Amino acid sequence: MQDTAQARTSAVVQRWSSLRSARIKHLVAGYLFLLPALIFLTLFLFYPVIYGAILSLYNYSILAPPRFIGLDNFRRLAGDPLFRVALKHSIQYLLIVPLIQVASMSLAILVNRQIRGISFFRAAYYVPVITAAVVVAVGWKWIFDLNYGLLNAALLQLGLISRPIGWLTDPRFALWSIMFVTFWRGLGFYMVVYLAGLQAIPTELEEAAAIDGAGPWQRIRYVIIPLLMPTIAFATIWSSISALKVFDEVLVMGAGSSPGGPANATMVVNLLIWVTAFDKFQFGYAAAQGLVLAGIIMIFTLFNVRFFRSGLEGN
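Note that this is a predicted model, so its numbers are computed, not measured.

So, how was this worked out
Residues numbered from 1 in each chain as written. Predicted model: local features only at pLDDT ≥ 70, side-chain atom pairs only at ≥ 80, totals over all residues. Heavy atoms only, no water. Helix = DSSP H or I, 4+ residues; strand = E, 2+ residues; numbered from the N terminus. Expected span 1.5 Å × (residues − 1). Buried < 20%, exposed > 50% of the residue type's maximum accessible area, 1.4 Å probe, protein only. Arc of directions from axis to C-beta. Pairing = 2+ DSSP bridges. Contact = heavy atoms within 4.5 Å. Core = buried A, V, L, I, M, F, W, Y, C linked by side-chain atoms within 4.5 Å. Phe/Tyr/Trp six-rings, centres within 6.5 Å; stacked < 30°, edge-to-face > 60°.

J.: Help me out: how do you make sense of helix H10 (residues 216–227) in this one?
T.: Every α-helical turn comprises 3.6 residues, leaving residues that sit three or four positions apart pointing alike. Counted at 1.5 Å a residue, the expected span for H10 with its 12 residues is 16 Å, and the 16 Å between its end C-alpha atoms agrees. For H10, the full list of buried residues reads Ile220, Val223 and Ile224. Down the axis of H10, the buried set is contained in an arc of 125°. They therefore lie on one face. Among the exposed residues of H10, those oriented more than 90 degrees off its buried face are Trp217 and Tyr222.

Next comes the structure, spelled out in structure tokens:
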């Protein structure tokens, strides 16, 4: 009996040891697969974020060694009128988020049909997305040009205006014109996102609603939109982040002798960070601005996540 018990105990110990060894091997193998991504994230994400947070506590430029100043950069930021203007414009840029969601969803519903030639229209709407942002900005800058722009020429020819409008040189119109370009360029991307969500919805649900007497608008409101809520949440969060960190369009299309013109009418926070770091060489102050922008983006993201989570749970 004693020998049998010892044999059973030994077998259990050996089996446990083999299971533990197999688990360790699987764990090591998993981390080895993750290692390239972890190295990439460490070099290009974690290290820059940590270094930027540390740099925000220093007064640093190329001409002098770093000098620790604590929270002085953030105190300066609180009283900086230019930063308040840039922040106002960045918040204003968020106005395109609901517009682009409604427009791209409507466009996706229109092209979600099996008719001849629909693939061409889907590809045509997506062309601005795969075109470089600088190329798009340069093209639209020519269209908006005061004297030789296509838009002013067309409006004058139609008799809708009596003199050319400074779409990019007038502070009243400059930021709105650039926001329109961002809206136009992002329309195709979110159309494809919504199109993928629409094609994941079973057609039987829409057919059943139609049989019950639901019209096109009722099917959209009570069938399509509730089932698209996860897609709407993703697209809204992504477009909010993109709007707050817009850079290429305002840098290329902003008019005036310095970035953010005319008269800082197109100055947004991300552009201000670039100007502070690479034009004024105030890297510590630019790092503080970047941290504040990151905090604002995080707040908006958490708000959107909570809002859509409650909506999804409600459904």
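And the narrative resumes.
J.: Got a minute to help me understand the pairing of strand E1 (residues 58–61) in this structure?
T.: When a strand is regular, its side chains alternate between the sheet's two faces. One ladder, built from three bridges, connects E1 with strand E2 (residues 64–68); its direction is antiparallel. Within E2, the residue paired with Ser61 across the bridge is Ala64.

J.: Explanation requested: the environment of Trp238 in the structure shown.
T.: You can see Trp238 is positioned in helix H11 (residues 229–244). When its relative accessible area of 45% is taken as the criterion, Trp238 is described as partly exposed. On a C-alpha basis, the gap between Trp238 and Val97 in space is 9.3 Å, while along the polypeptide they are 141 residues apart. Excluding anything up to four places from it in sequence, Trp238 contacts Phe189 and Tyr190.

J.: Sorry, what's going on with the nonpolar core here?
T.: When a protein is soluble and globular, its nonpolar side chains tend to lie buried together. Among the nonpolar cores identified, the biggest contains 44 residues, and Tyr93, Phe144, Met253 and Leu271 are the most heavily contacted of them. For this core, the secondary-structure elements that each account for two or more residues are helix H3 (81–93), helix H4 (96–111), helix H6 (133–143), helix H8 (174–199), H11, helix H12 (248–253), helix H13 (269–278) and helix H14 (283–314). At seven residues, H14 tops the list of elements feeding residues into this core. Setting aside anything within four residues of it in sequence, one finds Leu271 in contact with Phe247, Val250, Leu251, Pro259, Gly260 and Thr266. Membership of the second largest hydrophobic core comes to 22 residues, among which are Met105, Tyr194, Ile201 and Leu228.

J.: Quick question: what am I supposed to make of the packing of aromatic side chains here?
T.: In this description, an aromatic ring pair is defined by two values, namely the gap between the centres and the angle between the planes. Following the criterion strictly, the structure yields 17 aromatic pairs and no others. On the numbers, 4.9 Å between centres and 45° between planes, the contact of Phe40 with Phe44 is tilted. Of this pair, Phe40 and Phe44 are both found in helix H1 (residues 2–55), four residues apart, which corresponds to roughly one turn of the helix. As far as burial versus exposure is concerned, Phe40 and Phe44 are alike and both exposed. By the ring-pair criterion, three or more aromatic residues cluster together here, those being Trp140, Phe144, Trp167, Phe173, Phe180, Phe183 and Trp184.

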